[in-house]
There are 2 protein chains.
Amino acid sequence: MENLERIERPTPLPEPVARHTGFVLYKVAQFLQEALDRALEPWGLKTRHYTVLAVLANRGPLSQQAIGQKARIDRATMVKVVDDLERLGLVERRRNAADRRLYDLTLTDAGGETVAATEAAVLRAEADALSPLSEEQRARLHELLASLFAPGP
Amino acid sequence: MENLERIERPTPLPEPVARHTGFVLYKVAQFLQEALDRALEPWGLKTRHYTVLAVLANRGPLSQQAIGQKARIDRATMVKVVDDLERLGLVERRRNAADRRLYDLTLTDAGGETVAATEAAVLRAEADALSPLSEEQRARLHELLASLFAPGP
DNA sequence: TATTGTTATACTCTATAACTATA
DNA sequence: TATAGTTATAGAGTATAACAATA
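Residues numbered from 1 in each chain as written. Chains lettered and ligands numbered in written order. Predicted model: local features only at pLDDT ≥ 70, side-chain atom pairs only at ≥ 80, totals over all residues. Heavy atoms only, no water.

## Structural notes on the protein's contact with DNA strand C
Around DNA strand C sit 19 residues, and of these Gln64(A), Gln65(A), Arg75(A), Arg101(A) and Arg101(B) come closest. The separation between a base nitrogen of DNA strand C and a polar side-chain atom of Arg75(A) is 3.3 Å. Within the contact set of DNA strand C, a phosphate oxygen lies 3.2 Å away from a backbone nitrogen or oxygen of Arg100(B). If you list the elements that add at least two residues to the surface near DNA strand C, you get α4 (64-71) and α5 (75-87) of chain A together with α5 (75-87) of chain B. Its residues assigned to classes, the surface near DNA strand C comprises five nonpolar, three polar and eleven charged. (Near = heavy atom within 4 Å. Polar contact = N/O pair within 3.5 Å; in protein donor to acceptor, adjacent residues only side chain to side chain. Helix = DSSP H or I, 4+ residues; strand = E, 2+ residues; numbered from the N terminus. Nonpolar A, V, L, I, M, F, W, Y, C, P; charged D, E, K, R; others polar.)

## Considerations on the interface of chain B and chain A
The interface is formed by 54 residues belonging to chain B together with 53 residues belonging to chain A. Summing the contributions of chain B and of chain A, the shared interface buries around 5200 Å²; its carbon and sulfur component is 72%. Broken down residue by residue, the surface that chain B buries against chain A is led by Thr21(B), Leu148(B) and Phe149(B), which jointly contribute 14%. For the pair chain B and chain A, the number of links is 16 residue pairs in polar contact (both at pLDDT 80 or more). Of all the secondary-structure elements, those providing two or more residues to the side of chain B that touches chain A are α1 (15-18), α2 (21-40), α3 (47-59), α6 (109-129) and α7 (135-146) of chain B. (Contact = heavy atoms within 4.5 Å. Buried area = accessible area lost by both parts, 1.4 Å probe.)

## Examining the pattern of salt bridges
Residues and elements named next belong to chain B. Applying the stated criterion across every chain, the model contains 14 salt bridges over all chains. Across the salt bridge formed by Glu92 and Arg94, the nearest N and O atoms sit 3.1 Å from each other. Assessed through its relative accessible area of 45%, Arg94 is described here as partly exposed. (Salt bridge = Lys/Arg side-chain N within 4 Å of Asp/Glu carboxyl O. Buried < 20%, exposed > 50% of the residue type's maximum accessible area, 1.4 Å probe, protein only.)

## Considerations on the environment of Leu62(A)
Relative to the elements of secondary structure, Leu62(A) occurs in the loop between α3 (47-59) and α4. If we skip the residues at most four places from it in the chain, Leu62(A) touches Val55(A), Leu56(A), Ile67(A), Lys70(A), Tyr103(A), Asp104(A) and Leu105(A).

## Some remarks on the relation of the copies chain B and chain A
Superposing chain B onto chain A requires a rotation of 180 degrees together with a translation of 0.0 Å along the rotation axis, leaving an RMSD of 0.1 Å. Expressed as a symmetry operation, the mapping of one chain copy onto the other fits a two-fold axis. Of all interface residues in chain B, 98% are interface residues in chain A too; the two copies therefore contact each other through one and the same surface. (Least-squares fit on C-alpha atoms with pLDDT ≥ 70 in both.)

## Concerning the protein's contact with DNA strand D
Taken together, 20 residues form the shell around DNA strand D, and within it Arg100(A), Gln64(B), Gln65(B), Arg101(B) and Leu102(B) come nearest. Within 4 Å of the protein, the contacting atoms of DNA strand D are drawn from sugar and phosphate to the extent of 66%. Lys46(A) places a polar side-chain atom, nitrogen or oxygen, 3.1 Å from a phosphate oxygen of DNA strand D. Residue Arg48(A) places a side-chain N or O atom 3.1 Å away from a phosphate oxygen belonging to DNA strand D. Elements supplying a minimum of two residues to the surface near DNA strand D: α5 of chain A together with α4 (64-71) and α5 of chain B. Here the residues of the surface near DNA strand D sort into six nonpolar, three polar and eleven charged.

## Details of the packing of helix α2 (residues 21-40) of chain A against α7(B)
For the pair α2(A) and α7(B), interaxial distance at closest approach is 10 Å and the crossing angle is 40 degrees. Considering the angle they form, α2(A) stands oblique to α7(B). The interaxial crossing formed by α2(A) with α7(B) has left-handed handedness. When α2(A) is examined against α7(B), the residues Thr21(A), Val24(A), Leu25(A) and Val28(A) are found in contact with a partner set consisting of Arg138(B), Leu141(B), His142(B), Leu145(B) and Ala146(B). For the contact of α2(A) with α7(B), a count of residues per class yields six nonpolar, two polar and one charged. (Axes fitted to C-alpha atoms, helices over the stretch in contact; angles between N-to-C directions. Parallel < 35°, antiparallel > 145°, perpendicular 65-115°, else oblique. Left-handed = near helix turned anticlockwise from the far one by under 90°.)

## Topic: the packing of α4(A) against α5(A)
When two helices pack together, their arrangement is given by the angle between their axes and by how far apart the axes lie. All names here are of chain A. Between α4 and α5, whose axes approach to 9 Å, the crossing angle comes to 110 degrees. The angle between α4 and α5 falls in the class roughly perpendicular. Side by side, α4 and α5 meet where Gln64, Gln65, Ile67 and Gly68 of the first sit next to Arg75, Met78, Val79 and Val82 of the second.

## Examining the environment of Lys27(A)
Residue and element names in this part refer to chain A. Structurally, Lys27 can be placed in helix α2. By relative accessible area, which is 12% here, Lys27 ends up buried. On a C-alpha basis, the gap between Lys27 and Leu56 in space is 30 Å, while along the polypeptide they are 29 residues apart.

## So, the confidence of the model for chain A
Parts of the prediction with low pLDDT should not have their coordinates interpreted in detail. Residue and element names in this part refer to chain A. Of the residues in chain A, 94% have a pLDDT of 70 or more, and the chain-wide mean is 91. Considering each helix and strand of chain A separately, the mean pLDDT is smallest for helix α1 (residues 15-18), with a value of 90, and largest for helix α7 (residues 135-146), with 97. Every residue in residues 1-6 is under pLDDT 50, and counting partners more than four places away or in other chains gives zero contacts. (pLDDT = per-residue confidence, 0-100.)

## Here's the deal with the packing of aromatic side chains
If you walk through the whole model with that rule in mind, you get two aromatic pairs over all chains. Consider the rings of Phe23(A) and Tyr50(B), whose centres lie 5.8 Å apart with planes at 40 degrees: the pair is tilted. With Phe23(A) in helix α2 and Tyr50(B) in helix α3, this pair bridges two chains. Look at Phe23(A) and you get buried, because its relative accessible area is 10%. (Phe/Tyr/Trp six-rings, centres within 6.5 Å; stacked < 30°, edge-to-face > 60°.)

As C-alpha cells, this is what we get:
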C-alpha cells in the first residue's frame, strides 16, 4: 500500500551524460513512449496504430502510402499496421474507384469511437507522465520542442 | 550547392498528433539520436559506447554490471559493447584481485583521448541540432526535461 | 515505365535463459 | 546458494528488394 500514489519516473542518468541534452531527451522520450504504450494496451494498440487512426479521423479517407508519408511509417510496415487495425475492425480497405492501385482507408464506426477513447487515454497518460511540470511549464516545453521542426512544407 | 548551409530538421508531425507532447518529444529525440550517431560514426561508436566510455572516465574502474546499472544496459548487451571497445583498444578488462568474478574495466590512453574527442563532437552535434534555440532556451529545455527524473537515489 | 500494395528477407536492438567460474 | 560474465537464442522493430496488379 505504501507505493499507491507513487508514479514511476525515469531514473537519473549517470553524471557525465546527464549534462547532454540529447541523452536526457532520449531518456525522457523513452519514458513517455512507455507510458503511451501502456495507456493504449487495453485496446491492443501501439502508438503507431494510434497515429494512423488519429490521422484518418482528421484527414478523411487516405491511401496507405499517404498516411505513411505523413507519419513516417514505410509502406511495408504500413501493411502490417493496417492488417492489425482491420483485424480489430477499426478501419476498412476500400479500393479507390479512380485508381485501383490505391485503397481509400476509412474508419469504421468502432474505429471512430476508438479514436475518441484512446485520445482521452493518451492525454491522461501524458498529463501523468509530465505531472512534475505545471501547466505553464508543459506548454513551454511543447513550444520549445515544436520550434525544432522544419517550417512546414 | 544550393543546400550547403541547410541543416536537416525533423519534418513536422501531422496535425492531430502534433498536439501530443509525447509524440513531439519522441520525434525530436529520434532526430537528436540520429545526429549523435552521425557524430560518433568516425570513431566507429554508437551512443551506448560513448556512454560507457564517459562513465568510465568520470567514475574510474568499474565492473561491467556496475556500468550497466548506471546506464541501463543489461549485462548481456554490456558484453558486446565492451567487446567492441576492447577490439578498438579503448578499454581493458582486468580481473579484480579481490573478487575474480568481476572485471575492473579501465580506460586505455587511447580511450581517454577518444572520450575527450567524442565529447567535443557530441556537444557540437547537440548544438547544431538545437541551433534554432537560443542558449537560454536550450538551458530552459534541459532544465524542464531534467525535472522529470526521479529524485536521485 | 512507374507506382501501390504485398511478401520475403535481413539486420539491429533488446531480452531471456542456460552455462562457467568464482564466491 | 548466489553472482559476474558469457553464449545462444528469440522477439520486437525497421529497412530492402522482388513481385503482382494497375496506371
